[in-house]
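Each chain, written out:
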Amino acid sequence: MSEMTPVDAVIVGAGFAGMYMLHTLRGAGLNAVVLEAGDGVGGTWYWNRYPGARVDIECHDYSYSFSEDLQQEWEWTERYPAQPEILRYLDHVADRFDLRRDIRLNTRVAAAHYDETADRWTVRTERGDRYRATWCVMATGCLSSSQVPAIDGLESFAGDWHHTAHWPAGGVDFSGKRVAVIGTGSSGVQAIPIIAEQADRLTVFQRTATFAVPALNRELVPGELAGIKERYPELREHARYSGIGLALARVGETSALEVTAEERRKVLTAAWESGTLAGLLLSFNDVTTDLAANDVVADFIRDRIHETVDDPETAELLCPRDYPFGTKRACLDTGYYATYNRENVHLVDVRTNPIERIGPGGVVAGGTEHEADVIVFATGFDAMTGSLTAIDVRGRNGRTLRDKWSAGPITYLGLQSAGFPNLFLVAAPGSPSVLTNMVMSIEQQVEWIARCVGHARDRGVATVEATERAEQDWVRHVNEVSATRLYSAANSWYLGANVPGKPRVFMPYAGGLGRYRERCDAVAAADYEGFVLTAASHR
Ligand code: NA7
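A quick note: this is a predicted structure, and the numbers were derived from the prediction, not measured. (Residues numbered from 1 in each chain as written. Predicted model: local features only at pLDDT ≥ 70, side-chain atom pairs only at ≥ 80, totals over all residues. Heavy atoms only, no water.)

Undergrad: Give a detailed account of the sheet that holds strand S12 (residues 345-349), specifying residues and quantitative values.
TA: One open sheet accounts for five strands, arranged S7-S16-S8-S9-S12; its pairing is parallel. Looking at the sheet topology across the chains shown, the edges are occupied by strand S7 (160-163) and S12. Ignoring strand direction, the axes of neighbouring strands in this sheet form an average angle of 15°. Examined bridge by bridge, strand S8 (residues 178-182) and strand S16 (residues 374-377) share four bridges and lie parallel to one another. Looking across to S16, one finds that Ala 180 is bridged to Ile 375. Contacting S8, strand S9 (201-206), S12 and S16, helix H5 (residues 186-198) crosses the sheet at an angle of about 155° to S9. (Pairing = 2+ DSSP bridges. Helix = DSSP H or I, 4+ residues; strand = E, 2+ residues; numbered from the N terminus. Axes fitted to C-alpha atoms, helices over the stretch in contact; angles between N-to-C directions. Contact = heavy atoms within 4.5 Å.)

Here is the structure:
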């Protein structure tokens, strides 16, 4: 058996969360190591290299705020940077803060077991290396466990196939090829226009139509963000206490149902032309809570789809009609709807023409074979829980996290699960994470965890563990808050609906980042209410 490497903390994952966790734990005087499956840092932004991959939150928000020097010195080149630029930024962060010496690449974690007799975690990698740590932080990402649907015959396919989240580093040349894309979420919506330009023929298989808002992405002229950078202290502070963690977004003051048709149109047109996801979501104060108000926005988008797409039947197929706007992750559109006006692009609705199988020559749906040389699965992820349950995590009495979460994830504040002392989670179920600007949410949680661990060290505390009572109350609260929104009206990955057999539980906390931050701070101020802190000398 290999030797154990003793450390204060093991952090799993070197994306936005894991890298900042390393930086903050070091700052608190801990010796920490990051274990990362990829052969580079970046997490989500390391893996998702499909054509068109880019962030859909503006760069001045989708960036770390913890270092004034970093946010002043880094120059973004586009309003919505593409994957390579975000990866360059994260590489820069790794160098700038000297993180690499404590990051082990090509190191996938297989298991994390808690040893109750010693109050230590043993973290084992797939290679068999073992680390022994007081603290373990899972910074494993919300969208890391990709899903390729179990379609009969995939192994017989004569061409190449790729999942958007495992894209070949050298790219894929679609020229002269017949391509099938399955899936029309954010990844599909971003990749489809680019593949359509290169491919000979593109067939898109759509199960659920998507709401997409124009990105209006563009290059930034040097110095364009100077005004924002000057106001960063004030803007970031606003973002930290806002609902979705954005500096400039403001919730509309009126109901969509209280204004005249003319006023509605004015507000919605301005939101549409803002080229942001938040614009329409926040255009009126009841878009996320009132079905009739939501429908006003949804109708506005459907009208734009019909204006853009020439063929009325295709346009109608592309119109989401069966769930409210914003209850599945909306997308930013760079030529997505317009792509369906191309001669070489064909849309197949798999609700009326279900995919039956994949044969050597292509995808068979509704009795028709759609010939393909390449299949692209833009079919998403076992979101939020998949990367955690993929690891053999065992807490007290050898109980696995998988078992504990078999009917749905249970956490206190999304930060811990009872029975797993000193194991912290970042952007997990029960946290605002995917409903907010991820970077800002990650910073909030990472800073809270580092403070908690620092506090434990200063006070001679050996273990920090959520109580069952606290997590039950929190899960109830998370459910109550989501019930006040329209989320349950959609089959989304927010509630696990995209993974066959996954329990349907609305996972993220919908109460907003600001409220969540205040709650976490209040818990810490009340001597970590809801957690049991056990002194080191308890034995
Ligand atoms: P998403 O948003 O989960 O999209 C996956 C898409 O694939 C979605 O349209 C799914 O339809 C479709 N899908 C999944 N399985 C199938 C099968 N079996 N047959 C046909 N279609 C299928 O993942 P993305 O990678 O696009 O985006 C993930 C997040 O990244 C996104 O939300 C942003 O936060 C950034 P469905 O809607 O489930 O009916």
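Having seen the structure, we can now continue with the description.
Undergrad: Describe in detail unusual backbone geometry, supporting the description with residues and values.
TA: At Leu 216, a residue that is not glycine, the phi angle is positive and equals roughly 50°. Take Leu 216: it is sitting in the loop between strand S10 (212-214) and helix H6 (226-230).

Undergrad: Run through the nonpolar core, naming residues and quoting values.
TA: In a soluble, globular protein the nonpolar side chains are often hidden away together inside. In this structure, Phe 16, Met 19, Tyr 64 and Trp 448 are the most contacted members of the largest nonpolar core, which totals 85 residues. By residue number, the principal contributor to this core is helix H15 (residues 438-458), which donates 10 residues. Two domains each put at least three residues into this core: domain 1 (4-145 + 382-538) and domain 2 (154-377). With residues up to four places along the chain from it excluded, the contact list for Trp 448 reads Leu 415, Phe 424, Cys 520, Asp 521, Val 523, Ala 524, Tyr 528 and Phe 531. Of all hydrophobic cores here, the second largest spans 53 residues; its members include Val 181, Ala 196, Ala 293 and Ala 490. (Core = buried A, V, L, I, M, F, W, Y, C linked by side-chain atoms within 4.5 Å. Buried < 20%, exposed > 50% of the residue type's maximum accessible area, 1.4 Å probe, protein only. Domains from an automatic or database assignment.)

Undergrad: Outline the site of the ligand, listing residues and values.
TA: Near the ligand you find 17 residues, and of these Thr 184, Ser 187, Arg 207, Thr 208 and Lys 328 are the closest. One of the side-chain N or O atoms of Ser 187 is found 2.6 Å from an oxygen atom in the ligand. Taken by itself the ligand offers 770 Å² of open surface, and the protein chains cover 85% of this. Split by residue class, the shell around the ligand holds six nonpolar, eight polar and three charged. (Near = heavy atom within 4 Å. Polar contact = N/O pair within 3.5 Å; in protein donor to acceptor, adjacent residues only side chain to side chain. Areas by Shrake-Rupley, 256 points an atom, 1.4 Å probe, with all protein chains shown as cover. Nonpolar A, V, L, I, M, F, W, Y, C, P; charged D, E, K, R; others polar.)

Undergrad: Before we move on, could you go through the sheet that holds strand S14 (residues 362-365) and cite the residues and values that matter?
TA: Taken in spatial order, the three strands of this open sheet run S13-S14-S15, and their pairing is antiparallel. Looking at which strands have only one partner, the edges of the open sheet turn out to be strand S13 (355-359) and strand S15 (368-371). Taken pair by pair, the neighbouring strands of this sheet meet at an average axis angle of 25°, ignoring direction. As paired strands, S14 and S15 are joined by four bridges and run antiparallel to one another. Pairing of Ala 365 across the sheet is with Thr 368, part of S15.

Undergrad: An account of helix H8 (residues 261-273) is requested, with residue identities and associated values reported.
TA: Side chains three or four residues apart in an α-helix point the same way, a direct result of the helix having 3.6 residues per turn. In this model H8 runs 18 Å from its N-terminal to its C-terminal C-alpha over 13 residues, within 8% of the 18 Å that 1.5 Å per residue would give. What H8 keeps buried is the set Leu 268, Ala 271 and Trp 272. Taken around the axis of H8, the buried residues stretch over an arc of 100°, which confines them to a single face. In H8, the exposed positions that point more than 90 degrees away from the buried face belong to Glu 262, Lys 266 and Glu 273. Among the structural elements, S10, helix H9 (277-281) and helix H10 (291-308) are those in contact with the buried residues of H8. (Expected span 1.5 Å × (residues − 1). Arc of directions from axis to C-beta.)

Undergrad: I'd like a description of the domain arrangement of the protein chain, backed by residues and values.
TA: Each assigned domain of the protein chain is listed with its residue range as follows: domain 1 (4-145 + 382-538) and domain 2 (154-377). Opposite the 49 residues of domain 1 that make contact, domain 2 presents 53 residues. For the domain 1 face of the interface with domain 2, the top three residues by lost area are His 60, Arg 79 and Leu 486, together amounting to 17%. Here Asp 56 and Arg 329 are joined by a salt bridge, their closest N and O atoms 2.9 Å apart. (Buried area = accessible area lost by both parts, 1.4 Å probe. Salt bridge = Lys/Arg side-chain N within 4 Å of Asp/Glu carboxyl O.)

Undergrad: Provide a residue-level description of the packing of aromatic side chains, including the pertinent values.
TA: In this structure the tally under the stated criterion is 32 aromatic pairs. Every member of this aromatic cluster is reached through a ring pair, and the members are Phe 16, Tyr 20, Trp 45, Tyr 62, Tyr 64, Phe 66, Trp 74, Trp 76, Tyr 89 and Phe 97. Over the face of the ring belonging to Phe 97 we find Arg 96, whose NZ or CZ atom lies 5.2 Å from the ring centre. A cation sits over an aromatic face here: Arg 304 above Phe 300, 4.4 Å from the ring centre. (Phe/Tyr/Trp six-rings, centres within 6.5 Å; stacked < 30°, edge-to-face > 60°. Lys NZ or Arg CZ within 6 Å of the ring centre and 35° of its normal.)

Undergrad: Explain the side chain of Asp 392 to me, using residue names and the numbers behind them.
TA: Checked against the element boundaries, Asp 392 lands in strand S17 (residues 392-394). In contact with Asp 392, not counting residues within four places along its chain, are Ala 110, Ala 111, Ala 112, His 113, Thr 400 and Arg 402.

Undergrad: Can you tell me about the side chain of Thr 385, naming the residues and giving the values?
TA: For Thr 385, the position within the fold is in the loop between S16 and helix H13 (386-389). Among the polar contacts listed, one links the side chain of Thr 385 to the side chain of Lys 502, at a separation of 2.9 Å. Setting aside residues up to four positions removed in sequence, Thr 385 forms contacts with Trp 405, Pro 409, Pro 429, Lys 502 and Met 507.

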